[in-house]
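The chain contents come next:
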Amino acid sequence: MLFPQQNTVRRLNKLDGIWSFRTDPDTTGESLGWTKGIPAARSIAVPGSWNEQIPDLANYFGLAWFECVVYPDAGWADMPLRLRIGAVNNNARVWVNGTFAGDHRGPYLPMDIDLTGLVKFGQANRLVVCVDASLDPWMFPPASWVENDGRVGFMNSHPGVAFDFFPYGGIHRSVYLYSTGAPRIERISVITTSLQATHADLAVTIDMAGDFQGAVECRVEDHSLRLTSAGGRVLTGTLRIPTPRVWDIGQGELYTLAVRAEAADGGVDCYRQSFGIRTVEVKGDHFLLNGKPVFFKGFGKHEDFHIVGKGLLEPLVVRDFEMLKWIGANSFRTSHYPYAEEWLDYADRAGIMVIDETPFVGLSDRLYTDELLAQAQSIITELIQRDKNHPSVVMWSLANEPNCARGSAAVTTFFKGMATCARALDASRPITYVAHLEPEDNDGFNYYDVVCVNKYYGWYIGPGQLHETLPELEKCMRRFRDAFGKPVMLAEFGADAVDGVHRMTPELFSEEYQSEVIEHQYKLMRTLPWCIGTHVWAFADFKTAQSITRVANNRKGVFTRERNPKMAAHTLRRLWNQPSL
Ligand code: GCB
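Just so you know, these numbers come straight off a predicted model, no measurement behind them.

This part is about the sheet that holds strand β7 (residues 91-96). Taking strand neighbours across the sheet as the criterion, the six strands line up as β3-β2-β4-β10-β7-β8 in an open arrangement whose pairing is antiparallel. A single partner strand is all that each edge strand has here, and the edge strands are β3 (42-46) and β8 (99-104). Taking each pair of neighbouring strands and ignoring which way they run, the sheet shows an average axis angle of 30 degrees. Both strand β2 (residues 17-23) and β3 contribute to a ladder of five bridges, which runs antiparallel. Bridging from a neighbouring strand, I18 pairs with A45 of β3.

This brings us to the domain arrangement of the protein chain. The domain architecture assigned to the protein chain consists of domain 1 (11-133 + 168-179), domain 2 (185-278) and domain 3 (293-576). Distance between the C-alpha centres of domain 1 and domain 2: 33 Å.

Tallied over the full model, the rule gives 41 salt bridges. In this structure, the salt-bridge partner of R226 is E217, at a minimum N-O distance of 3.3 Å. Linking K556 and D496 is a salt bridge whose minimum nitrogen-to-oxygen distance equals 2.7 Å. Remark: D496 occurs in the loop between β29 (488-492) and α7 (511-525) and K556 occurs in the loop between β30 (531-537) and α8 (567-576); sequence separation between them is 60 residues. Neither residue differs from the other here; K556 and D496 are each classed as buried. Residues joined in a network through salt bridges with shared partners are R84, E341, R386 and D387.

Here the focus is the environment of F559. Note on placement: F559 falls in the loop between β30 and α8. Overall, F559 belongs to the buried group, its relative accessible area being 0%.

We now examine the packing of aromatic side chains. Taken as a whole, this structure holds 40 aromatic pairs when the rule is applied. Ring centres 6.1 Å apart and planes at 40 degrees place the aromatic pair F321 and W343 in the tilted group. Placement of the pair is F321 in helix α2 (residues 314-327) and W343 in helix α3 (residues 341-350), with a sequence separation of 22 residues. Residue classification places W343 among the buried residues on the basis of a relative accessible area of 3%. Their ring planes at 80 degrees and their centres at 5.2 Å tell us that Y433 and Y448 sit as a pair that is edge-to-face. Taken as a pair, Y433 in strand β27 (residues 431-435) and Y448 in the loop between β27 and β28 (450-454) lie far apart in primary sequence, 15 residues in all. Both residues of the pair, Y433 and Y448, count as buried. Lying across the ring of F166, K543 places its NZ or CZ 4.6 Å from the centre.

Further remarks concern the site of the ligand. Close to the ligand lie 13 residues; D164, H336, E401, Y460 and K556 are nearest. Between the ligand and D164 there is a distance of 2.5 Å, counted from an oxygen atom to a side-chain nitrogen or oxygen. With respect to the ligand, the side chain of W537 contributes an N or O atom lying 3.1 Å from an oxygen atom. The fraction of the free accessible surface of the ligand (320 Å²) that becomes covered by protein chains is 96%. By residue class, the composition of the shell around the ligand is four nonpolar, four polar and five charged.

Turning our attention to unusual backbone geometry. Of note, the amide linkage connecting N89 to N90 takes the cis form, showing an omega dihedral of 5 degrees. By the element assignment, N90 lies in the loop between β6 (88-89) and β7. Along the chain, A182 connects to P183 via a cis peptide bond; the corresponding omega equals 5 degrees. If you trace the backbone, P183 turns up in the loop between β12 (175-179) and β13 (185-195). One non-glycine residue with positive phi stands out, namely E221, at about 50 degrees. As for its placement among the helices and strands, E221 is situated in the loop between β15 (213-220) and β16 (223-230). Taking the relative accessible area as the measure of exposure, E221 reaches 42% and is therefore partly exposed.

What counts as what
Residues numbered from 1 in each chain as written. Predicted model: local features only at pLDDT ≥ 70, side-chain atom pairs only at ≥ 80, totals over all residues. Heavy atoms only, no water. Pairing = 2+ DSSP bridges. Helix = DSSP H or I, 4+ residues; strand = E, 2+ residues; numbered from the N terminus. Axes fitted to C-alpha atoms, helices over the stretch in contact; angles between N-to-C directions. Domains from an automatic or database assignment. Salt bridge = Lys/Arg side-chain N within 4 Å of Asp/Glu carboxyl O. Buried < 20%, exposed > 50% of the residue type's maximum accessible area, 1.4 Å probe, protein only. Phe/Tyr/Trp six-rings, centres within 6.5 Å; stacked < 30°, edge-to-face > 60°. Lys NZ or Arg CZ within 6 Å of the ring centre and 35° of its normal. Near = heavy atom within 4 Å. Polar contact = N/O pair within 3.5 Å; in protein donor to acceptor, adjacent residues only side chain to side chain. Areas by Shrake-Rupley, 256 points an atom, 1.4 Å probe, with all protein chains shown as cover. Nonpolar A, V, L, I, M, F, W, Y, C, P; charged D, E, K, R; others polar.

Shown next, in the form of structure tokens:
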């Protein structure tokens, strides 16, 4: 699925703004005819979370209806029309002028549906979206626990979610009405298969939306490739670029592949796909970018901010990348779900590496079934198809902190099944998942390339005892190394610090303690030759469910939720700007 764009063939209308809105706690809206329009509606901004915008809905996690008017120009008539909603938490159903148009299950990934024939040109059309943000224990991520999970809520939280961030509801990313050519280019993939100083070879794959007879012209600057098809949907070829400009850390070199598909009957579609030329590989103890070992310095993040909640806020994207640059980070993980594509576009331009994560956080034994594996595989497919042209994405993370019974065959089948699916879709990137249990509970790593581990020594383990627990942390990392013989990354470590709390002798919740935990554990990781990086948890403080272990939000950010630096941010800036560290 391609991000909507305007070009010589395609048109688009961005529908973001203030929409009409009404909650439906009794789920009667459909039977009352709200699919044709919402009576007695209030107003809400799209994108954005209702829990932040409307105070009386701070803890509302049910059904809600959204409505706006769409007015496509008469000049669009005869073009295939589509609707794209970047993400809805959690499920969406859509009606146009009262007619059902399509649905999407699951948060954090786009819904893209055909509206051809449903929309009247040159007139007002009513677009209605019903959003279901119920806390569903069978969703990915499972938003609540069920009895056999063995825990009640994340740290006994309210609401009792299975993960440590707030289960916001709403239309969270931009909404586009757009037109395409016919035949439609459905997907484009550009992968660097060989990279040398003299040239790079690119494997180009064009997926057409239906059976296609005709030619596809692919052009990168002065270099072109012509693919022809006498029938079928997929066209492939190789394009050679002489003396390539290489994408690297801090060097966001990008190219554009201009694609023009022309069918034998004269129909045309066009798309301009941005991509970068670079290679990634796991070899021995190292993670190689363009053949050179890299050490990941950065953070686990969240999509989270005041007032917008999980809604996309472009100034925040810019600010966060400014902060990453200021502090000297080279990477982040899209913990714990796929982020809006705007984050990845910016990372591409900034030369920041991204570990792109699925929404599989809070997994537990009840979910490791064949049926849910099939669902997980289809989500992995949506993610990889959406993000595979981003040079910034250097690795897929297929889960965060799965709870799993030691040695269970169901767990192995599930983790192997996810790995097989990801590799079949993208053989060009390593895969990982992020563990919090011990090596014996993580047989899954046998099928993955990198071992990512989250460990909070000095916080959850040995709280207040940073120095006493340093040897324990080292032993723990060595256990993972010895068990799997693969590169290991400390994907989360850190401590909560309430900004403004200071102590002469560092103690829990003070800025001094957080700063010391990060400094000492980071320096320790730098001494382990097979450790390929560390990501501090977290980039900024973020909203989560209420619990007695959370001081009004998770405070492990090295920046506050407003993006002001805590003491740890200055410490990291000092460390990350020393070449040896
Ligand atoms: C973790 C989780 C992350 C939490 C963090 C914490 O291990 O992966 O989602 O927010 O710990 O602060 O407890």
